[in-house]
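Reading the structure
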Amino acid sequence: MCLLPEPDIGFGKLNSRECDGMSERDMSNTRGSSELIGQMKRAGTERKPSPVLAVYSLAKRELVRFFRQRTRIVGALGQPIIFWILFGAGLQGSFRGPAGISYQEYFFPGVAVMIVMFTAIFSTISIIEDRREGFLQGVLVAPISRTAIVLGKVLGGTILAVLQAVLFLALGPAIAWIGLAPTISTGLTWSNLPVVIGYLALVGFALTSLGYLIAWPMDSTHGFHAIMSIFLMPMWLLSGSFFPAPDSGWLAWVIRMNPLTYGTSGLRRLVTPNLDAVAELPSLPLSLAVTIGSAVLYLSLAIWMTGRQTTHNAR
Amino acid sequence: MSDSLAVSVAGLHHAYSERKALDGIDFGVLAGEAFGLLGPNGGGKTTLFRLLSTLLPVQTGKVTLSGLDVATKAQDVRQIIGVTFQSPSLDGKLTVWENLQHQAHLYGLYGVQSKTRIRELMDRLGLSDRGKDLAGSLSGGLKRRVEVAKSLLHHPQILLLDEPSTGLDPGGRRDLWEYLTRLRQDEGTTILVTTHLMEEAERCDRLGILNQGRMIALGTPDELRSSVGGDCLTIQTPNPEGLAELIAVRFQLRPQRIGESLRIEKSLGHELLRDIVAAFPGEITAISLARPTLEDVFIARTGHRFWEAEQP
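Keep in mind that what you see is a predicted model, and the values were worked out from it rather than measured.

Conventions and cut-offs
- Residues numbered from 1 in each chain as written.
- Chains lettered and ligands numbered in written order.
- Predicted model: local features only at pLDDT ≥ 70, side-chain atom pairs only at ≥ 80, totals over all residues.
- Helix = DSSP H or I, 4+ residues; strand = E, 2+ residues; numbered from the N terminus.
- Buried ≥ 20, exposed ≤ 12 C-beta atoms within 10 Å, placed from the backbone.
- Contact = placed C-beta atoms within 7 Å.
- Core = buried A, V, L, I, M, F, W, Y, C linked by C-beta atoms within 7 Å.
- Pairing = 2+ DSSP bridges.
- Axes fitted to C-alpha atoms, helices over the stretch in contact; angles between N-to-C directions.
- Domains from an automatic or database assignment.
- Expected span 1.5 Å × (residues − 1).
- Parallel < 35°, antiparallel > 145°, perpendicular 65-115°, else oblique.
- Nonpolar A, V, L, I, M, F, W, Y, C, P; charged D, E, K, R; others polar.
- pLDDT = per-residue confidence, 0-100.

**A few points about the overall build of chain A**
- Per the secondary structure count, chain A includes 13 helices and 0 strands.
- For chain A, the sequential pattern of α-helices and β-strands runs α-α-α-α-α-α-α-α-α-α-α-α-α.
- For chain A, the proportion of its 315 residues judged to be buried stands at 40%.
- Long-range contacts, defined here as pairs at least 24 residues apart, represent 78% of the contacts in chain A between residues at least 6 apart.

So this is what it looks like as structure tokens:
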């Protein structure tokens, strides 16, 4: 039998050979046996792709890359510490904080949030490099869910953010020993450490997802830097990290509408021993709810963006 | 018939906003075959490659790989294809071993199984002593080999390679093709390769020539060459317009004008060469006679040279 495939896909020649009977059959026989061997070999190594393994591997890559690039550690941890020392020294005289706490003490959790934000930015900006260098293509053609791709990146960034922020919260007060900051009392203890880590992880997860969302559509890191200065930095500045919200006026409203305000408030409530100093802030349940809500929103958008087959994604 | 088709493409159109990249492509690749997509840059190869590798959505038409529709079964397709990109998809900050291990994890391989497979491929591709090198520090040729190893970790049924010879010296190119040939023999892997190099195209069982989004020729390299018919005469002349006229009148032939030279396809070309040289000795600066090449096939079908068709 000699059937032309429909539509004609260019096998005119091969079909006519099939009609002769001999040569094509011989060909398919050899092909059949080598295919069989191939299938047998494949059966030996074939494993179902596992989302957990993919997320683990993608997240691990973030950590390995981070620790190989020393400048990133300096950037993400060094700058906030310098800010804390310098702003602390400069503003301590004029600052009138809630319940009379010093500026350094007020600014302390804010710096931890800044560290989380910087780490989130630096780890998601690599999406743009991954795309430019071609690495991302290899991940996109792998048989893993797009959710796993996003989670791998975001979890990697979150782990880095938490590591650094906890390091700062635990060791920051020691800067007082070398005389660059006054002694501050911190509410971080062994007993609330797991809760603080959990909360920082939540804030880190939200901010890394947000960074992913911003970095994904971008072609160059310049664009990301622009967004960083006009959107991400103000977002941090207006989150109650740098100065407390006034009682009324437009600034109070902007701060109230900023989802990161609730990230900062929650952390403040957890690590400030002086309860009077945090009395005016949003409650812990509200902080938790808003932070979880924003994380879910950013993450969903990031997964949706990654799943779209577009010309941009194909680059 | 369709069972043994590794790749089947029917009625495929693709446009980027206004610009048509693919304009009605139909072809098939048999299981175990080495198929080449030859064409100038901008001819549609890369778009087709991205559609086959599930990176772009199918707009019009149908693309199936081993019977799986890329539009509806992208995830299943991804499992059976291995993809080697033109720009290496390696992480330069990771070592060769870490790159391969990461890839193995993405395909569900881990532990002893992934180690064995990575060692096996590194051995075969001559990378055994490079495991600890950072991928970013490798030469272009070595990067390409790691890239190929990466795409083979999960024993793909179909290997898609986009311009695999980019950045390879002739020796590296030969090694790569020797390896690909062995892979086909040993495992029956189907190979689909895009290229703009005639030499590379010669190594394929069958070729499709793409130009301006259309498949202008399809067949084995021999079939394509013999379709040109006879020999190819190329004449360099200071006055191509005038000489073409003269030849047309004298020999009842219609020479093709290709840039500053004339081109004639004819059987018994050596006799024509002798006659032309005898008839117009003053008009010719150089004349050559050759068996048709794949480039001649391209010229015959499009009326212009390969590189002239390249679009920025």
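Next comes the rest of the description.
**Some remarks on the overall build of chain B**
- Secondary structure assignment for chain B yields 11 helices and 14 strands.
- Considering only C-alpha atoms, chain B reaches an extent of 75 × 45 × 35 Å along its principal axes.
- In chain B, which comprises 312 residues, the share counted as buried stands at 47%.

**Thoughts on the nonpolar core**
All names here are of chain A.
- The biggest cluster of nonpolar side chains holds 152 residues, and the ones touching the most others in it are Val-116 and Met-117.
- No other element matches the 17 residues that helix 5 (residues 103–133) contributes to this core.
- When sequence neighbours within four positions are dropped, the list of residues in contact with Val-116 reads Ala-161, Ala-165, Leu-200, Val-203, Gly-204 and Leu-207.

**Description of the environment of B:Ile258**
- When you line up the elements, B:Ile258 lands in strand 12 (residues 256–258).
- Taking C-alpha positions, B:Ile258 is 9.9 Å from B:Ile235, a pair spaced 23 residues apart along the chain.

**Some words on the sheet that holds strand 6 (residues 81–84) of chain B**
Residues and elements named next belong to chain B.
- Here we have 6 strands laid out as an open sheet, ordered 6-7-8-3-9-10, and mixed in their pairing. Looking at which strands have only one partner, the edges of the open sheet turn out to be strand 6 and strand 10 (214–219). Between one strand axis and the next, the sheet turns by 15 degrees as a mean value, whatever way the strands run.

**As for the domain arrangement of chain B**
- Annotation of chain B at the domain level lists domain 1 (2–220) and domain 2 (230–291).
- Between domain 1 of chain B and domain 2 of chain B, the C-alpha centre-to-centre distance is 41 Å.

**Thoughts on helix 8 (residues 193–215) of chain A**
- With 23 residues, helix 8 of chain A extends 32 Å from end C-alpha to end C-alpha; this agrees with the ideal 33 Å at 1.5 Å per step.
- Within helix 8 of chain A, 17 of the 23 residues are buried, which leaves the element mostly enclosed by the surrounding structure.

**Quick word on the packing of helix 3 (residues 51–68) of chain A against helix 3 (residues 96–106) of chain B**
- Closest axis-to-axis distance for the helix 3 of chain A/helix 3 of chain B pair is 8 Å, and the angle between their directions is 155 degrees. As summarised for this structure, helix 3 of chain A and helix 3 of chain B are arranged roughly antiparallel, according to the angle between their axes. Each of A:Leu53, A:Ala54, A:Ser57, A:Arg61 and A:Val64 in helix 3 of chain A lies in contact with helix 3 of chain B, whose residues at this interface are B:Glu98, B:His102, B:His105 and B:Leu106.
- Among the residues making up the contact of helix 3 of chain A with helix 3 of chain B, the classes are represented as 4 nonpolar, 3 polar and 2 charged.

**Points about the sheet that holds strand 12 of chain B**
All names here are of chain B.
- Read across the open sheet, the 4 strands follow the order 12-13-11-14; overall the sheet is antiparallel. At either end of the open sheet lies a strand with only one pairing partner, and these are strand 12 and strand 14 (286–290). In this sheet, adjacent strand axes meet at a mean angle of 25 degrees when their direction is disregarded.
- In terms of strand pairing, strand 11 (residues 231–236) meets strand 14 through 5 bridges, oriented antiparallel. Paired with Ile-235 across the strands is Ile-287, a residue of strand 14.
- Along the sheet, helix 9 (residues 240–251) contacts strand 11, strand 12 and strand 13 (261–266); its crossing angle with strand 13, the most-contacted strand, is approximately 25 degrees.
- Contacts from helix 10 (residues 269–279) reach strand 11, strand 13 and strand 14 within the one sheet, and its direction differs from that of strand 14 by about 170 degrees.

**Let's talk about unusual backbone geometry**
Residue and element names in this part refer to chain B.
- One non-glycine residue, Ser-17, lies in positive phi territory at about 40 degrees.
- Secondary-structure assignment places Ser-17 in the loop between strand 1 (5–16) and strand 2 (19–30).
- You can call Ser-17 exposed: it has 5 C-beta atoms within 10 Å.
- Phi at Thr-54 takes a positive value of approximately 65 degrees, unusual for a residue other than glycine.
- The topology assignment puts Thr-54 in the loop between helix 1 (45–52) and strand 4 (60–65).

**Section: the pairing of strand 11 of chain B**
- In the sheet, strand 11 of chain B pairs with strand 13 of chain B via 6 bridges, with the strands oriented antiparallel. Opposite B:Asp231, over in strand 13 of chain B, you have B:Lys266 as the bridge partner.

**Observations regarding the pairing of strand 2 of chain B**
Residue and element names in this part refer to chain B.
- Relative to strand 2, strand 1 is paired through 9 bridges, and the arrangement is antiparallel. In the sheet register, Leu-5 faces strand 2, and the bridge partner there is Leu-30.
- Adjacent in sequence and paired antiparallel, strand 1 and strand 2 are bridged by 2 residues, among which Ser-17 carries a positive phi angle near 40 degrees.

**With respect to the confidence of the model for chain B**
- Scored by pLDDT, chain B has a mean of 87; 96% of the residues are at 70 or more.
- With pTM at 0.82, the complex prediction returns an ipTM value of 0.82.

**Some words on the environment of B:Leu142**
All names here are of chain B.
- Assignment of secondary structure puts Leu-142 in helix 5 (residues 140–152).
- A tally of 19 C-beta atoms within 10 Å means that Leu-142 is categorised as partly exposed.
- Placed 21 residues apart in sequence, Leu-142 and Glu-163 show a C-alpha to C-alpha distance of 15 Å.

**Structural notes on helix 9 of chain B**
- An ideal rise of 1.5 Å per residue puts 16 Å on 12 residues; helix 9 of chain B measures up with 16 Å between its terminal C-alpha atoms.
- Just downstream of helix 9 of chain B lies B:Gln252, where phi reads positive at about 50 degrees.

**Side note on the confidence of the model for chain A**
- Per-residue confidence for chain A gives a mean pLDDT of 84, with 84% of residues at or over 70.
- Under a pLDDT of 50 for its full length, residues 1–32 of chain A has, in the predicted model, 33 contacts with residues more than four places off or in other chains.

**Observations concerning the packing of helix 8 of chain A against helix 11 (residues 259–271) of chain A**
Residues and elements named next belong to chain A.
- Running from N to C, helix 8 and helix 11 cross one another at 170 degrees; their axes reach a closest spacing of 10 Å. Considering their axes alone, helix 8 and helix 11 lie roughly antiparallel with respect to each other. Seen from helix 8, the contacting residues are Val-195, Val-196, Tyr-199, Leu-200, Val-203 and Ala-206; seen from helix 11, they are Gly-263, Gly-266, Leu-267, Leu-270 and Val-271.
- Tallied by class, the residues present in the contact of helix 8 with helix 11 amount to 9 nonpolar, 2 polar and no charged.

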